[in-house]
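Residue strings, one per chain:
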Amino acid sequence: MGDLFDALRGRAGDNGERVVALCVDALPEYRATATTPADHDRMVEFAVHIRRRTLACVAADEPMTGADLAVVTAMGEERGRRGLSRAVHDQVLALHATATLREVHEACGPHDLGDAMRMLSWLAARTPPVQRAYTAGLLAGQQELISPAGRVRRLADLLVAGDPVALDHARTAGLAVPERYLVVAVRVLREPGDPVVGLGGVVGPGGVVGLGGVVGLGGVVGLGGVVGPGGVVGAGGVAGARREDVLDALWRHHRVPATWPGGAELVAFLAPGPDGRAAAVSRTVAKITGCACAAGAATGPAGAIGEAVALARRISRVARPLAVPDHVPVLADVAIEVGVAELPELDRWLRHVAARLAAGPELVGTLECYYRNDMSRSRTAASLGVHPRTLDYRLRRVRELAGLDPRSTAGIRVLGTAVSRFLADRPARRHDR
């Protein structure tokens, strides 16, 4: 090793003092976790120790040992017990990383390029496990400050975020983690009491609602939700109390960790089990919120669940909202719709096709029922409660308005997808299945 490593070893004490002073000055919450001179001294001692151990590991071209990581975890746990939040913890790690790079820059002489590159390469490859150990310690230290329900919610939050410490948190909190999760995303469409908006507008408790919005006794109703005396409700999200009720019910009755990453979207994590559990989760959300729900499901490994979370959320955004969900689609059910939703030009064209059909007598609902019944004339007519000749008339009207025969290959592909995209934005009625 050259002069760079000698210089960094000689400056370790000063650099440790300086980085602690930087964090204390920049982060009041971090400063509050060191209430005595002894606390401050432990922070400095840790910062100096980590710098010296890092230099030794770089020199040997080895990762930090288990004993090293245990020291890091213990310091993170101490910060957690003292109430350091995850957000400020992330800022502390960022400040330490920035300070380390600055220290290398300051110590680097004209002949230290090779050692500097070796140092930077080690830091890039070996620092993440050290940061993870500190974070795992922080979460463990926070356990006594968090309720059991809060620990479950935190697991779901970490899984949604794709945080690598999610499984560490689960083990610390005593939560069982399966090898694979079935991820269920549930999109809540509207708040209870809001009138359902149809193509021609509807009369509800707050007034007449149309596509342009309405002024009535209950406030102004439009695409963005309802503005009334209590604030904004509707498409913007689900009331906080109901969100907590849903999370509580999912854990108590189904043992399912869940969270609300958005105001009107829930993500739940199911262990392998009997069929129908995903639909039961969706029905629980619909029942407690009183809202129509659209859901999607995908499966993935617990240790790398991010892709499954993203896919389940995309599926839920193209699925049809139902008041009483009896099925949660997976990619095989809506692969075309998911693909179309990623192509704005194609999506707009299909919605234009559906808009033409919406001008006819129940044509969109008829097509949905027709394709759901595998184009069986008798079953579709029976399901709609109409005479088969009425069904024939409606299918002719579809052909006239869309220029496609709904029984042809092209008609099935185009019209089926157009109807699905149209219904994905339509609040379901109470009797819809």
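In this report, we go over the structure that sits alongside the text. (Residues numbered from 1 in each chain as written. Predicted model: local features only at pLDDT ≥ 70, side-chain atom pairs only at ≥ 80, totals over all residues. Heavy atoms only, no water.)

Brief notes about the nonpolar core
Now for step 1: Ranked by size, the top nonpolar core spans 28 residues in total, and within it Leu155, Leu159, Tyr181, Val183, Val267, Phe269 and Ile305 carry the most contacts.
Now for step 2: Looking at this core, the elements that each hand over two or more residues are α7 (148-161), α8 (166-173), β1 (180-188), β9 (265-270), α11 (306-318) and α12 (331-341).
Now for step 3: Ignoring sequence-local partners within four residues, the contact set of Val183 consists of Val267, Ala268, Phe269, Gly296, Ala297, Ala298, Ile305, Ala308, Val309 and Ala312. (Core = buried A, V, L, I, M, F, W, Y, C linked by side-chain atoms within 4.5 Å. Buried < 20%, exposed > 50% of the residue type's maximum accessible area, 1.4 Å probe, protein only. Helix = DSSP H or I, 4+ residues; strand = E, 2+ residues; numbered from the N terminus. Contact = heavy atoms within 4.5 Å.)

Section: a negative patch on the surface
Now for step 1: A cluster of acidic residues, Asp14, Glu17, Asp41 and Glu45, forms a negative patch on the protein surface.
Now for step 2: Sorting the residues of the negative patch by element identifies α1 (3-26) and α3 (37-60) as the ones contributing at least two each.
Now for step 3: Note on placement: Glu45 falls in helix α3.
Now for step 4: Among the residues examined, Glu45 registers a relative accessible area of 56% and is labelled exposed. (Patch = residues over 30% accessible without salt bridge, like charges linked within 9 Å, V, L, I, M, F, W, Y side chains within 5 Å. Areas by Shrake-Rupley, 256 points an atom, 1.4 Å probe, with all protein chains shown as cover. Salt bridge = Lys/Arg side-chain N within 4 Å of Asp/Glu carboxyl O. Lys, Arg positive; Asp, Glu negative; His and termini not counted. Charge placed at Lys NZ, Arg CZ, Asp CG, Glu CD.)

Structural notes on the packing of aromatic side chains
Now for step 1: Per the stated rule, a full pass over the model turns up three aromatic pairs.
Now for step 2: On the numbers, 5.6 Å between centres and 50° between planes, the contact of Tyr370 with Tyr371 is tilted. Tyr371 shares its class with Tyr370; the two are buried. (Phe/Tyr/Trp six-rings, centres within 6.5 Å; stacked < 30°, edge-to-face > 60°.)

Some remarks on α11
Think of an α-helix as 3.6 residues a turn; residues three or four steps apart then line up on the same face.
Now for step 1: In a regular helix each residue adds 1.5 Å, so 13 residues correspond to 18 Å; α11 covers 19 Å between its end C-alpha atoms and thus fits that length.
Now for step 2: Ala308, Val309, Leu311, Ala312, Arg313, Ile315, Ser316 and Val318 are the residues of α11 that are buried. (Expected span 1.5 Å × (residues − 1).)

Topic: unusual backbone geometry
Now for step 1: Backbone geometry at Arg255 places phi at a positive 55°, although glycine is not the residue there.
Now for step 2: Inspection of the secondary structure assignment puts Arg255 in the loop between α9 (240-254) and β8 (258-262).
Now for step 3: Residue classification places Arg255 among the exposed positions, given a relative accessible area of 51%.

A closer look at the packing of α11 against α12
Now for step 1: In the contact formed by α11 and α12, the axes pass within 9 Å of each other and the chain directions differ by 80°. Between α11 and α12, the interaxial angle falls into the category roughly perpendicular. Note on element contacts: α12 touches α11 through Leu331, Val334, Glu337, Val338 and Ala341, opposite Leu311, Arg314, Ile315 and Val318.
Now for step 2: Residues that form the contact of α11 with α12 fall into these classes: seven nonpolar, no polar and two charged. (Axes fitted to C-alpha atoms, helices over the stretch in contact; angles between N-to-C directions. Parallel < 35°, antiparallel > 145°, perpendicular 65-115°, else oblique. Nonpolar A, V, L, I, M, F, W, Y, C, P; charged D, E, K, R; others polar.)

Some remarks on the pattern of salt bridges
Now for step 1: Evaluation of the coordinates by the stated rule reveals 27 salt bridges.
Now for step 2: In this structure, Glu103 engages Arg51 in a salt bridge whose closest nitrogen and oxygen atoms are separated by 3.1 Å. Taken together, the residues Glu103 in helix α5 (residues 86-107) and Arg51 in helix α3 connect sequence positions 52 residues apart. One exposure class covers both Glu103 and Arg51, and it is buried.
Now for step 3: One salt bridge connects Arg53 with Asp68, and the closest N-O pair in it is separated by 2.8 Å. Here Arg53 is found in helix α3, whereas its partner Asp68 is found in helix α4 (residues 66-81), with 15 residues between them in sequence.
Now for step 4: Residues joined by salt bridges that share partners form a network here, namely Asp39, Arg42, Glu78, Arg79 and Arg82.

What about the sheet that holds β1?
Now for step 1: In space, the four strands of this open sheet follow the order β8-β9-β1-β10, with antiparallel pairing throughout. Every other strand in the sheet has two partners, leaving β8 and β10 (293-301) as the edge strands with one partner each. When the angles between neighbouring strand axes are averaged without regard to direction, this sheet yields 25°.
Now for step 2: Pairing between β1 and β10: nine bridges, direction antiparallel. Note on β10: the bridge partner recorded for Val186 is Ala295.
Now for step 3: Packed on one face of the sheet, α11 meets β1, β8, β9 and β10 and runs near 160° to β10. (Pairing = 2+ DSSP bridges.)

With respect to the environment of Phe46
Now for step 1: You can see Phe46 is positioned in helix α3.
Now for step 2: Phe46 sits in the buried class, given a relative accessible area of 14%.
Now for step 3: With 25 residues separating them in the primary sequence, Phe46 and Val71 have C-alpha atoms 8.6 Å apart.
Now for step 4: Those residues in contact with Phe46 that sit more than four places away from it in its chain are Val71, Val72, Met75 and Tyr134.

Structural notes on the pairing of β1
Now for step 1: Counting buried residues in β1 gives seven out of nine residues, a clear majority hidden from the surface.
Now for step 2: Bridge count between β1 and β9: six bridges; the pairing is antiparallel. Directly across from Val186, in β9, lies its bridge partner Leu266.

In short, geometric facts, not functional conclusions.
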